[in-house]
Amino acid sequence: MGTTRNRPAEHEDDTQVSPGRTRWWVVALILGLPALLVIGFIAMVVIWVLADDSSKAEPLPAHSLQVSLASSPS
């Protein structure tokens, strides 16, 4: 059996990258997504802290028994 010497190139230029060549979109994806997640988390925490409206909030009902001492019968 013989080997074929003149095989078609099968579009090698389209699918393969020359050795040593960096695919920058992969680098940007690896570094960018975690950075965006961290920045987004920090931004949400800052907004949560600055948008605190506890001074305008109504007091929550107590979960324990309260006894009024001012109106106790003698």
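Every chain is numbered on its own, with residues counted from 1 as its sequence reads. Per-residue local features of the predicted model are confined to residues with pLDDT of at least 70, and side-chain atom pairs are confined, for both listing and counting, to 80 or more; whole-chain, interface and lining totals are unaffected and use all residues. Water and hydrogen atoms play no part in the side-chain values, which are based on all heavy atoms of the structure.

A. Structural view of the overall build of the protein chain. Here a strand is any run of E in DSSP of at least two residues, a helix any run of H or I of at least four, and the numbering for each starts at the N terminus. Along its length, the protein chain carries 2 helices and 0 strands. When the 74 residues of the protein chain are sorted by exposure, 0% land in the buried category. Using the Shrake-Rupley algorithm and a 1.4 Å probe, accessible areas are obtained, with residue cover drawn only from the displayed protein chains. When the accessible surface of the protein chain is split by element, carbon and sulfur atoms take 63% of a total near 8,100 Å². Throughout, exposure labels follow a simple rule: accessible area from a 1.4 Å probe, protein chains only, divided by the maximum for the residue type, with under 20% read as buried, over 50% as exposed, and the rest as partly exposed.

B. Spotlight on helix 2 (residues 24-50). Between the first and last residue of a helix there are one fewer steps than residues, each counted as 1.5 Å, and that sum is the expected span. Between its first and last C-alpha, helix 2 extends 38 Å over 27 residues, near the 39 Å set by a 1.5 Å rise per residue. In this analysis the local bend is the angle between axes fitted, respectively, to the seven residues ending at and the seven residues starting at the residue. Largest kink in helix 2: about 25 degrees, centred on Gly32, with the proline Pro34 one to four residues after it.

C. Structural view of a nonpolar patch on the surface. By definition, no residue in a patch forms a salt bridge, and every one has over 30% relative accessible area; like charges are joined within 9 Å, nonpolar side chains (Val, Leu, Ile, Met, Phe, Trp, Tyr) within 5 Å. We define a salt bridge as a side-chain nitrogen of Lys or Arg found within 4 Å of a carboxyl oxygen belonging to Asp or Glu. Judged by side-chain polarity, Val38, Phe41, Ile42, Met44, Val45, Val46, Trp48, Val49 and Leu50 come together as a nonpolar surface patch covering roughly 980 Å² of accessible area. By the element assignment, Val49 lies in helix 2.

Treat this as a map of the structure, not an account of what it does.
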